[in-house]
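Structural description and commentary
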Amino acid sequence: MKRVLWIVVFLLRSLEGVMFTKHPSNQTVSQGNAARLGCAVQGLMEPDIVWLKDGEKLYSTDQMFITLGEQHWETFHSVKSVQQQDAGQYWCEVEFHGLTFSSERAWITVEGVPHFLQEPQDVATFPNVPFNLTCVAVGPPEPVEVLWWLGGVLEGEPRSSPSVLHVQGVNSSIKFYCEAKNARGISVSRTGTVHIKVLPAAPVGLQVLRMVENNVTLSWRPGFTGHSELSTCIIQVSRRAARRWDLPQQEVQVPPHLQVMSGLRSHSNYSVRVSCANEVGASPFSPWLHFQTPESAPSAAPRNLTFDLSEQQLSLTWAKLEEDELQGKLLAYKVQWTLRGEAQEPLLFKENMAQLSGGGRFFNASFQVSACTSVGCGPWTPPVLVLPASVQVQVQRSHMWVGLLLGLLVATVVGLLLTVVAQRRGKETQFGSVFKGPGPESSVSFTAARSFNRTCAELQESTLDSLGINNDLKNKLQDVLIQERLITLGHMLGKGEFGSVREALLKTEDTSVQKVAVKVLKSDITSSGDIEQCLKEAAYMKDFHHPNVIQLIGVSLHRRPGQRLPIPMVVLPFMKHGDLHTFLLLSRLGEQPFDLSLQTLIQFMLDISRGMEYLSSRNIIHRDLAARNCMLDENMTVCVADFGLSKKIYSGDYYRQGSVSKLPVKWIALESLYTHRVLRHRTDRGIGGSHTAQNI
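Overview of the structure. Here the structure is a predicted model, which means the values were calculated and not measured.

Reading the values: the criteria
Residues numbered from 1 in each chain as written. Predicted model: local features only at pLDDT ≥ 70, side-chain atom pairs only at ≥ 80, totals over all residues. Heavy atoms only, no water. Pairing = 2+ DSSP bridges. Helix = DSSP H or I, 4+ residues; strand = E, 2+ residues; numbered from the N terminus. Axes fitted to C-alpha atoms, helices over the stretch in contact; angles between N-to-C directions. Parallel < 35°, antiparallel > 145°, perpendicular 65-115°, else oblique. Contact = heavy atoms within 4.5 Å. Nonpolar A, V, L, I, M, F, W, Y, C, P; charged D, E, K, R; others polar. Disulfide = S-S within 2.5 Å. Buried < 20%, exposed > 50% of the residue type's maximum accessible area, 1.4 Å probe, protein only. Expected span 1.5 Å × (residues − 1). Phe/Tyr/Trp six-rings, centres within 6.5 Å; stacked < 30°, edge-to-face > 60°. Lys NZ or Arg CZ within 6 Å of the ring centre and 35° of its normal.

Structural notes on the sheet that holds strand 25 (residues 258-261)
In a beta sheet, neighbouring strands pair by backbone hydrogen bonds and run either parallel or antiparallel. Judged by pairing direction, the sheet is antiparallel, and its 3 strands sit side by side in the order 20-21-25 without closing on themselves. Among the strands making up the open sheet, the edge pair consists of strand 20 (204-212) and strand 25. Taking each pair of neighbouring strands and ignoring which way they run, the sheet shows an average axis angle of 20°. Pairing of strand 21 (residues 215-221) with strand 25 involves 4 bridges; the strand directions are antiparallel.

What follows is the structure in structure tokens.
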């Protein structure tokens, strides 16, 4: 502890002995002459004396130290030819044991011709618009006067520095400078230029910097700016196909001079050019730059995949893709197919057709086609099931036979009625009653049923307001009401207790025609309650959006002469292969039976399950699920249909049937026959479940 105290005392005594014995002094030096500053310090063995100018250390390779005595040293800082940049404040410093000792400070003042603190800068302006020029110069010696030269002509008298020259305006480019004068002489500033702002030149160096998928990064360099900053650039793009397509031009802020063009089509030829604008206006456009976007996989699947099956071969054809859909150079069409549920080796074809030998081996096979480019293959067509032509028309034939039988039945009934009517004395007509009077002479009396006018207009279009149904149901169906004149009814597809199903053609807003199925209520139903029950089924289907549940297209009203209420018609999608029950029967008992693979049957059951699961999620109890109420579309997809007995569960998980109604007793779930008649979501698992499974 004592040793540390002795060291501290020694250091304090040593520091007390450090002192500057000589300080630098102020000097005024003419420009070009020499200057010398001196500094001496005492109390250090070998001091490192450093010179500073305006706070910055000065480094010199020829600095020398002179010994004046024991622990007494002197050093100098010399400038051989003083210039204006040498003017400033100087001092010297020395460090000892972490402490810094500084000398007094001195100034070097440089006398000479004036030097410029601010020289006039170039000016860009519009013609005849006033502007200012500024010039600042200092000595010493002072004062300093400024003279202005504009276009080689002296402007006015000398002015004190700093000086601002106000120019009323020029109409062409002109040079200018200023002179600074003091007792030592004259200094001349840089020569500036007054530029007149003009339109910029066209951009140069337009190029594609990067190309990633359909995103292209363009870059360019500005040309001559017209002595004004560029603010925006306009990009024009056109696509060159069968004919030129000009795309909307884009305006971008600059700098930077680049832009990312997104959303371009794949494998397409584009042309682009750029124009940039300053405050005067827009430049000419650059030359067109042509480039092609890279290929990608096709965006669409081939359409209209059809087949022709014979004993010798199977022929497949499909439509070619449009250039915009292909998005590249076609390499091949890829055909993938499955047989008895097993995937087969894919096939490649150059043309939009394929001919495969041995037609019989492709029976009950499923085919799909995709177009391929060098990048990859696009979407697949919907699967097409290869069946003999007789099987394809079998369902249609069954409908035809049903129609013929019904026609014969109707003709027989009409014949019997005519026979009975002919034997009656009275005959009913739409105008009244006609009676045959007694006696040999036939006299006719007529009682009018209603009056009529030969010039009356045609029957007006029916509306939902004329049905007498509740407002909620009417409002729900209002936006799906189809005018009757747009529907052309065809032959009958089937008949039930409450009406019939007929094939029909529906005209759409774009004048195209769509093939549909129409459920028509029986014409002898005249109560609003029966009509409301029929339309409730349509209201249920309006909210269904699932590939395995039939969807409503719309409802229409058929106006009948002399009847108060029109007949409701429910418009549904046309199902090419009819109901599942008939299709399964034809596969076994038709004129030309065909085999259905286990995978196809399982797919039928999965489709039904998905549809029923969807109905359950919507709180709907079907109550009449059966194979006859499941329809097959052209892609062999099963859709659950016929919601005439369906019920909506609004709260809880069950529905209590409040009144006795007609139910499918043969296939109904057993709990639905109990006196309390409680129906739950699980009820549909019993209703028709065994019936559907038994048919499949």
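Overview of the packing of helix 7 (residues 580-589) against helix 8 (residues 598-617)
Contact geometry for helix 7 and helix 8: axes closest at 13 Å, N-to-C directions at 170°. For the element pair helix 7 / helix 8, the angle class is roughly antiparallel. Here Leu 580, Phe 583 and Leu 584 of helix 7 come into contact with helix 8, specifically with Leu 601, Phe 604 and Ile 608. Across the contact of helix 7 with helix 8, the residue classes tally to 6 nonpolar, no polar and no charged.

Comments concerning the environment of His 72
Within the fold, His 72 resides in strand 7 (residues 72-79). As for His 72 and Thr 21, which are separated by 51 residues in sequence, their C-alpha atoms are 8.7 Å apart. When near neighbours in sequence (up to four residues on either side) are disregarded, His 72 contacts Thr 21, Ala 40, Val 41, Gln 42, Leu 44, Ile 66 and Thr 67.

Quick notes on the state of the cysteines
This structure, assessed with the given rule, holds 4 disulfides. In this model Cys 233 forms its disulfide with Cys 276; the gap between the sulfur atoms is 2.0 Å. Across the S-S bond of Cys 233 and Cys 276 the torsion is about 95°, and the bridge reads as right-handed. Here Cys 233, found in strand 22 (residues 232-240), pairs with Cys 276, found in strand 26 (residues 269-277); they are 43 residues apart in sequence, far enough to count as distant. Linked covalently through their sulfurs, Cys 372 and Cys 377 form a disulfide whose S-S length is 1.9 Å. A torsion of 95° about the S-S bond marks the disulfide between Cys 372 and Cys 377 as right-handed. Overall, Cys 372 belongs to the buried group, its relative accessible area being 7%. Shown here for the protein is a disulfide pattern of 1-2, 3-4, 5-6, 7-8, where each number marks a bonded cysteine counted in sequence order.

Thoughts on helix 6 (residues 528-542)
Compared with the 21 Å implied by 1.5 Å per residue over 15 residues, the 21 Å span of helix 6 between its first and last C-alpha is a close match. Listing the buried residues of helix 6 in full gives Ile 531, Glu 532, Cys 534, Leu 535, Glu 537, Ala 538, Ala 539, Tyr 540 and Met 541.

What to know about the side chain of Ser 286
Following the sequence through the fold, Ser 286 ends up in the loop between strand 26 and strand 27 (289-292). Given the relative accessible area of 3%, Ser 286 is considered buried. Aside from chain neighbours lying at most four places away, what touches Ser 286 is Ala 202, Pro 203, Leu 206, Arg 273 and Val 274.

Structural notes on the packing of aromatic side chains
Applying the stated criterion across every chain yields a total of 9 aromatic pairs. Relative to Phe 291, the ring of Tyr 270 has its centre 5.9 Å away and its plane inclined at 20°; by these criteria the two rings are stacked. Taken together, the residues span a long stretch of sequence, with Tyr 270 in strand 26 and Phe 291 in strand 27 at a distance of 21 residues. The same class applies to Tyr 270 as to Phe 291, namely buried. Members of the aromatic cluster, joined through ring pairs, are Trp 337, Phe 362 and Phe 367. Across from the ring centre of Phe 76, 3.8 Å away, lies the NZ or CZ of Arg 36, which sits over that ring. If you follow Lys 515 out to its NZ or CZ, it ends over the ring of Phe 574, 4.3 Å from the centre.

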